[in-house]
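Listed below are the residues making up each chain.
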Amino acid sequence: MRSIRASRLPEREVTPEALFLRRRAFLQAGAAFSASLVFGCGEDTAARAATPESAALAKLPDVIPAPEGYRTSEEPTRYADATAYNNFYELGTGKEDPAQNAHSLRVRPWTIAVEGEVAKPGVLDIETLLKAYPLEERIYRLRCVEAWSMVIPWVGIPLGDVLKRFAPTSQAKYVAFETLVDEQQMPGQRRRTLDWPYREGLRMDEALHPLAILAVGMYGRVLPGQNGAPVRLVVPWKYGFKSIKSIVRMRLAPRMPRTTWSDENPSEYGFYANVNPHVDHPRWSQRSERRIGEWSKRPTLEFNGYGEQVAGLYRGMNLRRNF
Ligand SMILES: Nc1nc2c(c(=O)[nH]1)N[C@H]1C(S)=C(S)[C@@H](COP(=O)(O)O)O[C@H]1N2
Ligand SMILES: [Mo]
């Protein structure tokens, strides 16, 4: 991501990813080598690294396996990679900063204010959220506008199920989301790299689509801080920046809300942000992507491969104009 303001920051996109991947490959080779010294063979190492090794994060109980249509058959990204290469500007602008700074985030107590065009506004406590809804696994691709992608087994709740409890009025046409503002917990906010809070938004029909979830976990455990603990949005047919992390507010509104990246640079990041290989970002192509952990690129799919489920939301819209 880059913007007028962020472009003054050191170059962080393309080169660090290449460096990260190379170092990762080197570490993997090293781990396999040392494991083979201890165990006599390195076969088990790759399998173990694909899942959370650390018992530090709690397992989520009673997770319902992903139903058909909500799980890609592709191999999930290694947990170690999905938690080490992140975008979360509140925890730093470098891809490895969020993992390093995540310890300062306090995820309890935590509440989400639900307000605006709702008959029953209220405050949703994270503990209530975890108890009130069945937790489902959803194995989704996530495609960053910077042209890398991952496959993550999320644990979450359909966003629509949560919003409906607050009784949206007929004036509720959009949902605006905000991330926590707290310099103590989010050291990246000590600098005005973005106009805090981080803001995102969905049209109401997008928010109610069953693919859109509030994620509270991944790989069967609670979310790590760097991935947006304790609760984040996951909208798999849109570029990663729509999937706002560490949410504290959802405001239903009659008009399209402002969103962080289109505020920063409206010609580069639109409100809709549907994954679209046919519409290039002004400074780079969107035709292909690099799956984290793989070397060769793969073609990017329209709506990130979820077209069958979501294309109907945009029928009749010009998706070049509404990018
Ligand atoms: N609050 C907040 N949410 C955010 C971001 C951010 O900087 N702050 N970055 C976004 C971007 S650009 C991407 S690609 C995804 C990355 O999610 P991941 O780190 O879990 O892969 O988070 C999104 N959510
Ligand atoms: Mo992104």
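Each value, and the rule that gives it
Residues numbered from 1 in each chain as written. Chains lettered and ligands numbered in written order. Predicted model: local features only at pLDDT ≥ 70, side-chain atom pairs only at ≥ 80, totals over all residues. Heavy atoms only, no water. Helix = DSSP H or I, 4+ residues; strand = E, 2+ residues; numbered from the N terminus. Buried < 20%, exposed > 50% of the residue type's maximum accessible area, 1.4 Å probe, protein only. Areas by Shrake-Rupley, 256 points an atom, 1.4 Å probe, with all protein chains shown as cover. Near = heavy atom within 4 Å. Polar contact = N/O pair within 3.5 Å; in protein donor to acceptor, adjacent residues only side chain to side chain. 1 Å grid on protein atoms, 1.4 Å probe; cavity = no way out; pocket = protein on both sides within 12 Å on 5 of 7 lines; lining within 4 Å. Sits in = over half its atoms within 2 Å of the grid points. Nonpolar A, V, L, I, M, F, W, Y, C, P; charged D, E, K, R; others polar. Points joined across faces, edges and corners; volume = space filled by probe spheres on them. Salt bridge = Lys/Arg side-chain N within 4 Å of Asp/Glu carboxyl O. Lys, Arg positive; Asp, Glu negative; His and termini not counted. Contact = heavy atoms within 4.5 Å. Pairing = 2+ DSSP bridges. Axes fitted to C-alpha atoms, helices over the stretch in contact; angles between N-to-C directions. pLDDT = per-residue confidence, 0-100. Core = buried A, V, L, I, M, F, W, Y, C linked by side-chain atoms within 4.5 Å.

Some thoughts on the overall build of the protein
Then, in step 1: Scanning the protein from terminus to terminus reveals nine helices and 13 strands.
Then, in step 2: With 323 residues in all, the protein has 54% of them scored as buried.
Then, in step 3: Surface accessibility of the protein: about 14800 Å² in total, with carbon and sulfur atoms responsible for 54%.

Here's the deal with the site of ligand 1
Then, in step 1: Close to ligand 1 lie 18 residues, the nearest being Asn-86, Tyr-89, Glu-90, Arg-232 and Lys-245.
Then, in step 2: One of the backbone nitrogen or oxygen atoms of Tyr-89 is found 2.8 Å away from an oxygen atom of ligand 1.
Then, in step 3: Protein coverage of the free-state accessible area of ligand 1, which is 540 Å², stands at 100%.
Then, in step 4: Under a 2 Å grid-point criterion requiring more than half of the atoms, the pocket assigned to ligand 1 is the largest cavity.
Then, in step 5: Across the shell around ligand 1, the residue classes tally to nine nonpolar, six polar and three charged.

Points about empty space enclosed by the protein
Then, in step 1: Scanning the entire structure with this criterion turns up two cavities of 30 Å³ or more.
Then, in step 2: In this structure, the largest cavity is lined by 24 residues; those nearest its centre are Asn-87, Phe-88, Arg-232, Gly-240 and Lys-245.
Then, in step 3: For the lining of the largest cavity, the leading source of residues is strand β5 (residues 148–158), giving four residues.

Here's the deal with the pattern of salt bridges
Where side chains of opposite charge bring their charged atoms close, a pairing between them can arise.
Then, in step 1: Within the structure shown, the criterion is met by 21 salt bridges.
Then, in step 2: Residue Glu-74 pairs with Arg-291 through a salt bridge whose shortest N-O separation is 3.1 Å. Of this pair, Glu-74 sits in the loop between β1 (63–64) and α3 (79–82) while Arg-291 sits in strand β12 (residues 288–291), and the two are 217 residues apart along the sequence.
Then, in step 3: For Arg-291, a relative accessible area of 4% gives the class buried.
Then, in step 4: For the salt bridge of Arg-251 with Glu-115, the shortest nitrogen-to-oxygen distance reads 3.0 Å. A residue pair is termed long-range when its members are at least 10 positions apart, and Arg-251 in strand β11 (residues 247–253) and Glu-115 in strand β2 (residues 111–116) qualify at 136 residues.

So, the environment of Glu-268
Then, in step 1: Locating Glu-268 in the fold gives a position in the loop between α8 (260–264) and β12.
Then, in step 2: In this structure Glu-268 comes out as buried when scored by relative accessible area, which is 12%.
Then, in step 3: For the pair Glu-268 and Pro-282, spaced 14 residues apart in the sequence, the C-alpha separation amounts to 6.2 Å.
Then, in step 4: In terms of polar contacts, Glu-268 uses its side chain to reach the side chain of Arg-283, at 2.6 Å.

Focus on the environment of Asp-161
Then, in step 1: One can find Asp-161 in helix α6 (residues 159–164).
Then, in step 2: By relative accessible area, Asp-161 is classed as partly exposed at 37%.
Then, in step 3: Sequence separation of Asp-161 and Ile-213 is 52 residues, and the distance between their C-alpha atoms is 9.2 Å.

Here we look at the side chain of Glu-137
Then, in step 1: Among the structural elements, Glu-137 can be located in strand β4 (residues 135–143).
Then, in step 2: Here Glu-137 is buried and forms no salt bridge, its nearest opposite-charge partner Arg-71 lying at an N-O distance of 7.3 Å.
Then, in step 3: Filtering out sequence-adjacent residues up to four positions away, Glu-137 remains in contact with Val-63, Ile-64, Pro-65, Ala-66, Pro-67, Tyr-70, Pro-153, Trp-154 and Val-155.

Topic: the pairing of strand β7 (residues 199–203)
Then, in step 1: Of all five residues in β7, five are buried; the element is thus mostly enclosed.
Then, in step 2: Of the two faces of β7, the one lined by Arg-199, Gly-201 and Arg-203 and the one lined by Glu-200 and Leu-202 are each fully buried.
Then, in step 3: In this structure, strand β6 (residues 174–179) lies alongside β7, joined through five bridges in antiparallel fashion. Along β7, the bridge assignment pairs Tyr-174 with Arg-203.

Digging into the sheet that holds β2
Then, in step 1: Ordered by their spatial adjacency, five strands build an open sheet running β3-β2-β11-β6-β7, and the pairing between neighbours is mixed. Both edges of this open sheet fall to β3 (122–125) and β7, since each of them pairs with a single strand only. The average undirected angle you get between the axes of adjacent strands in this sheet is 20 degrees.

Topic: the confidence of the model for the protein
Then, in step 1: Taken as a whole, the protein shows an average pLDDT of 89; of its residues, 83% reach a score of 70 or greater.
Then, in step 2: For residues 7–16, every residue scores under 50 in pLDDT, and the model assigns this stretch 13 contacts once sequence neighbours within four places are set aside.
Then, in step 3: Predicted confidence is poor over residues 29–48, with pLDDT under 50, and the contacts of this stretch with residues over four places away or in other chains come to ten contacts.

Concerning the nonpolar core
Note that soluble globular proteins tend to have their nonpolar side chains buried in a common cluster.
Then, in step 1: Residues Trp-154, Trp-237 and Met-250 are the most contacted members of the largest nonpolar core, which totals 79 residues.
Then, in step 2: In terms of residue count, the dominant contributor to this core is β5 (six residues).

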